[in-house]
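# Reading the structure
What follows is each chain in one-letter form.
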Amino acid sequence: MISTRPRRTLSDIKTHSGRVKGDHQTHRDYFQVGALELERCRRAKEREAAAARIAAINSRIAEIDQE
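Residues numbered from 1 in each chain as written. Predicted model: local features only at pLDDT ≥ 70, side-chain atom pairs only at ≥ 80, totals over all residues. Heavy atoms only, no water.

As a further point, take the overall build of the chain. Helix and strand counts for the chain stand at one helix and zero strands. Every one of the 67 residues in the chain was classed for burial, and the buried ones make up 1%. (Helix = DSSP H or I, 4+ residues; strand = E, 2+ residues; numbered from the N terminus. Buried < 20%, exposed > 50% of the residue type's maximum accessible area, 1.4 Å probe, protein only.)

Take the pattern of salt bridges next. Scanning the model with the defined rule gives three salt bridges in all. For the salt bridge of Arg43 with Glu46, the shortest nitrogen-to-oxygen distance reads 3.3 Å. Here Glu46 and Arg43 lie together in helix H1 (residues 26-66), a separation of three residues that amounts to about one turn. For Glu46, a relative accessible area of 47% gives the class partly exposed. A single network of salt bridges, built from pairs that share partners, joins Glu39, Arg43 and Glu46. (Salt bridge = Lys/Arg side-chain N within 4 Å of Asp/Glu carboxyl O.)

Structure follows, in structure tokens:
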């Protein structure tokens, strides 16, 4: 039996892509908040590490001054 219907292609597949309004995408807001919290945590650790390095340098300078 030969089909007379044309073959379906990718353009025939119906999706909801591009139809969703930005108002109803709260998951993006949650993701953004989570990403900002992670960045804040990383920056705080970076600041603590820098402060520890500065303290080590200051203590070494004090040792050098004593000698």
